[in-house]
Amino acid sequence: MSIRVASSRGASRVDPAGAVERAREFHRRARKAAVAKRYLDGARLLERGLAVLEAPDVDPDQRLELRTRQLVTLSFCLAETGSLDDGLTLLASARHDLTALSDQRLRDELYGLVDSNHGVLLCRVGRIEEGIYHLDLHIAYQERRVAEHADDLKPRVESLIISLSNRGNAYGEVHRTAQATADLDRVVALAKSHDLPVRAAIATHALGNVLQRAGDLPAALQRYEEANRVYQELEPGMLLRLRIDQAEALISAGLVDEAGRHLDEVLPELRRQRIGQDIAEAELLRAAAALLDGELRTAKRMANSAQRKLARRGSPAWAAVAGLIALRADVLRALDSRRPSGRVVDRALELAERLSALKLPDQATVAQALAARLEVRRGNTDRAAELLRSVPRVRRTSTIDQRMLVRLSRAELALATGNRRVALAQAKAGLAELGRMRDQMGGLELVSGTALHGRELGELAVRLVLDGAGSAASAKRLFTWLERTRAQMYRYQPVESTVDAELVESIAEVRQLSRALLRARLDGHPTSTLEARYATSQRDAMRLGWSASPWGKARPVADLRAVQAELGDRAMISFATSDDDLVAVVVAGGRVRMVRLGSAPAATEAALRLHADLNALAPDYLPAALADVIATSARRQADLLDRQLLQPLADLLGDRELVIVPTGALYVVPWGVLGQCKSRPTTVVPSATAWLATSQAGPDSTSGVLLVRGPGLQAAEGEIDKLAGYHADATSLGGTEARVGPVLDALDGVSLAHIAAHGEHEPENALFSRLELADGALFAHEVGRVRRPPKQVVLAACELALNRIRPGDEALGFAGAMLASGAHTVIAASSRVGDEPAAAAMGDYHRGLSSGASPAVALADAIAIDPLRRPFVCLGSG
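Please read these numbers as outputs of a predicted model, since none were measured by experiment. (Residues numbered from 1 in each chain as written. Predicted model: local features only at pLDDT ≥ 70, side-chain atom pairs only at ≥ 80, totals over all residues. Heavy atoms only, no water.)

**Structural notes on the overall build of the protein chain**
Here is step 1: Tallying secondary structure elements over the protein chain gives 36 helices and 18 strands in all.
Here is step 2: Relative to its 878 residues, the protein chain shows a buried fraction of 59%.
Here is step 3: Long-range pairs, those at least 24 residues apart, make up 72% of the contacts in the protein chain between residues at least 6 apart in sequence.
Here is step 4: If you sum the accessible surface of the protein chain, you get close to 35,300 Å²; carbon and sulfur atoms cover 49% of it. (Helix = DSSP H or I, 4+ residues; strand = E, 2+ residues; numbered from the N terminus. Buried < 20%, exposed > 50% of the residue type's maximum accessible area, 1.4 Å probe, protein only. Contact = heavy atoms within 4.5 Å. Areas by Shrake-Rupley, 256 points an atom, 1.4 Å probe, with all protein chains shown as cover.)

Here it is in structure tokens:
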């Protein structure tokens, strides 16, 4: 965009004082537009302001002052919508013209303003050290002016605040964390003392960026949420930038799907406003999220688009980073081929050189490690070793993604050269690093998401152990590696969590919108607006939960001998996949054996078909002929699973009670439907480590029985009264008493909680899986934060045993949240279940409990009566 100053013909009729005032008004409006990131609007206003200043008889010094201020603002608008050179050219022009200004004090002030903006523009395109030099010049000037106690102190302080914020951001970019924090903490203090809440919020936002780069993701997300509250009220234009930075933190935490949703929301608005740098950064991060999620085509497309924009903007460093993401997508494709092309290796090495020249050592390391992986795949192990030897030591500020990639490259090289011991040592060290990162996380979503970064390293280790399997020793090693790589979320000891009033309020809003949405659907009203508000409200609540920290120390990975001792006469089956192979590690009778079970995709298909059939069979009043057809199909899939998964293990299992650790789609299997499990007590657990922790839990301080009946369950009308007859110390909540608040209060400290209510698993946002109570939904997010969770929870509702399975078999859902927060046993359905069979199954189950049976035994007997219509599973300790 070029500056178009209108002709001054006829300007003699313009009052000079009026022209100055109009120019100031245009500048004021333009600055407001620029703060809101409406750069095109700002540029148009500034062009009009510059034209007004062409009026004759305007004082030359006044004209020069106002023109300089407008050019400084315009330079930023042009740099954001055009290129860096456009902005720097304007600043050079402004600096040159200032030599004609007679007021020395004003000239120094305006030179400082030019320096400040020059520094900001350089920092925006990655030329950080150059930018800091210019910011230092302006800050030194502003410090002197503030110290002199000028009459107009507040504007001076605000100008100092802006420059300190910009320098703090710049320090954060180059990992000078202490200096960044000092600048930004000072900004917050100055802004609060001078009643500048938006400036304080911007600095808090910047502190979040610094903390993110230092690796403290929960603290970063907390700062972002603090800034979010102020932006929503006072400066909505800043929310787009905030969402980009939140997305970057989520990618670091492994929550790439959530990051992708953030970015998909903001990109259309960024493009509409033509905010060049932010568009490019958002596309770059969207590419990174897609890469980690395995969407290589999207990753390549977004990375290429970002690279073109950044190159046009004169940002070679950022453009090279975008090129690195595109390269990674190509490398992953190449690694799937028999012998990758040497051209991809050359590209990786050329990019590594360019990144190093641009002073981006971490990114250069990634490019070099990628080249080494390709050379290993090509059989050039000596060249790969040479490349890895020249990779610099990982720095304290290196990302977890980079650390895992270097470990993976070294492990693959060791494996290719026949050194299995070194390969496993690299995998073990890498997963330990990942564990240390996980220890710093907050809410369940963050803890579960981190496994994504160690997925390839864990898969390599499991594959390596499987390749050498065949002996009892290798089966034991496989058991240990499976425990290192799966369901790490459940290793953390729950601690009593404090009540976050803002989170409670946010979840209450989600509940209200959920009810309004349900009512609108039932009434046949349009729902699109409500659905959008509901989704936004869910995300707001999730953001508040990310910075929560309800977890204590991580328990050690289960020791096999401790598991064997706790099992006693029971048997444990730990399922795992490697590539397309399904295997089981069986721990029974003091022995450990590994059994290969054939095709993993075949087992997955049968499990999903069984799940679909059981869902179809759930309604209470299906026509008999239709029910017979569906039941026949379900039995066929159950028989297929039984033959593949359990019959090959029959001699090892005998008639022992079972503890099953599923993997992937096997989480949806209601095991009592399979022939080998009929009437056999069976407990499902996310890992042996989680099972051992609940089985060896200390003294139980809970007492009493809580029975809850939600609305709309006709079969449950008499069910609760019937169940109360089995428990002398039962408290019942039904009808209008079964509200969210009273139920949460009653859950705290109770020994057994039975909740009969309609439920729904939320696959896209598992912690908002819900039970419907009298006043709305009770969410997994809330139940997981009960201070003293029940020892046993019975969810007599649809499919709340289901979880969203993240990489690393991190199972997250309603039942999972209960187990992670300290419940020992959860009884729930893994598919939909009719009201009548659910009520009948629960009557039989509680009768078994009252006679002294364990939960696993009581449930096995209850399911055996009608397995297909009673798809319940026993989760936890059993």
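**Some words on the nonpolar core**
Here is step 1: Formed by 123 residues in total, the largest nonpolar core has its most connected members in L270, L324, L327 and L355.
Here is step 2: Examining the composition of this core, we find that 12 residues originate from one element, helix α15 (residues 316-335), more than from any other.
Here is step 3: In contact with L327, other than residues within four places in its own chain, are V344, R347, A348, L351 and L370. (Core = buried A, V, L, I, M, F, W, Y, C linked by side-chain atoms within 4.5 Å.)

**A look at the pattern of salt bridges**
Here is step 1: Tallying each qualifying case throughout the model produces 39 salt bridges.
Here is step 2: The shortest N-O distance in the salt bridge between E65 and R69 comes to 3.2 Å. Here the residue E65 and the residue R69 both occupy positions in helix α3 (residues 60-81), the gap between them amounting to four residues, near one helical turn. When sorted by exposure, E65 lands in the same class as R69, which is buried.
Here is step 3: Of the charged contacts in the structure, one is a salt bridge between R241 and D245, with a shortest N-O distance of 2.8 Å. Residue R241 and its partner D245 are both found in helix α11 (residues 239-252); the two are separated by four residues, about one turn of the helix.
Here is step 4: Judged by its relative accessible area of 9%, R241 falls in the buried class.
Here is step 5: The network of salt bridges with shared partners includes R241, D245, D278 and E281. (Salt bridge = Lys/Arg side-chain N within 4 Å of Asp/Glu carboxyl O.)

**A word on the packing of aromatic side chains**
Ring pairs (aromatic) are described by centroid distance and by the angle formed between their planes.
Here is step 1: Considering all chains together, one arrives at two aromatic pairs under this definition.
Here is step 2: On the basis of an interplanar angle of 10° and a centroid distance of 5.8 Å, the ring pair of F575 and W671 is categorised as stacked. Note that F575 is positioned in strand β3 (residues 571-578) and W671 in the loop between β6 (658-661) and β7 (682-684), a separation of 96 residues in sequence.
Here is step 3: For W671, a relative accessible area of 1% puts it in the buried group.
Here is step 4: Geometry around W481 places R484 over its ring, the cationic atom sitting 4.6 Å from the centre. (Phe/Tyr/Trp six-rings, centres within 6.5 Å; stacked < 30°, edge-to-face > 60°. Lys NZ or Arg CZ within 6 Å of the ring centre and 35° of its normal.)

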